[in-house]
Amino acid sequence: MSQQQINLIDYLTGCIGAFAMRFALSNSQAYNYLEEFQGLRFLTDFYDVEHTQSIDDAIDDCIEICKRNGGKLQ
């Protein structure tokens, strides 16, 4: 596994945890929500830009992406 892959996994894990805390979800619930409504795909596809911002900004971006894809959390 490359260092870039390890960094991406660490970043996604942190984002899932932060998302879970913001919405009082378990990590599993947060993962499932982000997976279903394309939040994880967004974070992966735009990792090069997103990881340079704060985790709060990344979560805000995920909320918008998930809303656009049918997500209801707010």
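Residue numbers run consecutively from 1 along every chain, following the written order of its sequence. For this predicted model, a pLDDT threshold of at least 70 governs which residues receive local features, and a threshold of 80 or more governs which side-chain atom pairs are given and counted, while totals over whole chains, interfaces and linings are taken from all residues. Derived side-chain values reflect all non-hydrogen atoms in the structure, with water molecules and hydrogen atoms excluded from consideration.

Some words on the environment of Gln-4
To keep things clear, this is the line we draw: Helix and strand labels come from DSSP, where a helix needs a run of H or I of at least four residues and a strand needs a run of E of at least two; each type is numbered from the N terminus. Throughout, exposure labels follow a simple rule: accessible area from a 1.4 Å probe, protein chains only, divided by the maximum for the residue type, with under 20% read as buried, over 50% as exposed, and the rest as partly exposed.
Residue placement: Gln-4 occurs in helix H1 (residues 3-22). In this structure Gln-4 comes out as exposed when scored by relative accessible area, which is 58%. The spatial distance from the C-alpha of Gln-4 to the C-alpha of Gly-17 is 20 Å, given a sequence separation of 13 residues.

With respect to the packing of H1 against helix H5 (residues 55-68)
We count it as follows: Note on definitions: angles span 0 to 180 degrees between N-to-C directions of axes, and those axes are lines fitted to C-alpha atoms, for helices only across the stretch in contact. Note on terminology: angles under 35 degrees are roughly parallel, angles over 145 are roughly antiparallel, angles of 65 to 115 are roughly perpendicular, and the others are oblique. Contacts are assigned to residue pairs that have any heavy atoms within 4.5 Å of one another. For this scheme, ten residues count as nonpolar: Ala, Val, Leu, Ile, Met, Phe, Trp, Tyr, Cys and Pro. Four count as charged, namely Asp, Glu, Lys and Arg, and the remainder, Gly too, count as polar.
Running from N to C, H1 and H5 point in directions that differ by 75°, and their axes come no closer than 10 Å. Regarding the angle of H1 to H5, the classification is roughly perpendicular. Taking contact as the criterion, the partners of Tyr-11, Cys-15, Ala-18, Phe-19 and Arg-22 in H1 are, on H5, Ile-55, Asp-56, Ala-58, Ile-59, Asp-60 and Ile-63. In terms of residue class, the contact of H1 with H5 is made up of eight nonpolar, no polar and three charged.

Topic: the packing of aromatic side chains
Rule in force here: Note on ring pairs: Phe, Tyr and Trp rings are taken, using the six-membered ring of Trp, and paired if centres are within 6.5 Å. Classes follow the plane angle, with under 30 degrees stacked, over 60 edge-to-face and the rest tilted.
One pass over the structure, following the stated rule, counts five aromatic pairs. Ring centres of Tyr-11 and Tyr-47 lie 5.3 Å apart, and the angle between their planes is 70°; this geometry places the pair in the edge-to-face category. Placement of the pair is Tyr-11 in helix H1 and Tyr-47 in helix H4 (residues 47-50), with a sequence separation of 36 residues. Summarising the burial analysis for this pair, Tyr-11 and Tyr-47 share the class buried. Ring geometry for Phe-19 and Tyr-33: centres 5.6 Å apart, planes at 20°, overall stacked. Taken together, the residues span a long stretch of sequence, with Phe-19 in helix H1 and Tyr-33 in helix H2 (residues 27-36) at a distance of 14 residues. Through a chain of ring-to-ring contacts, the aromatic side chains of Phe-19, Phe-23, Tyr-33 and Phe-37 assemble into a single cluster.

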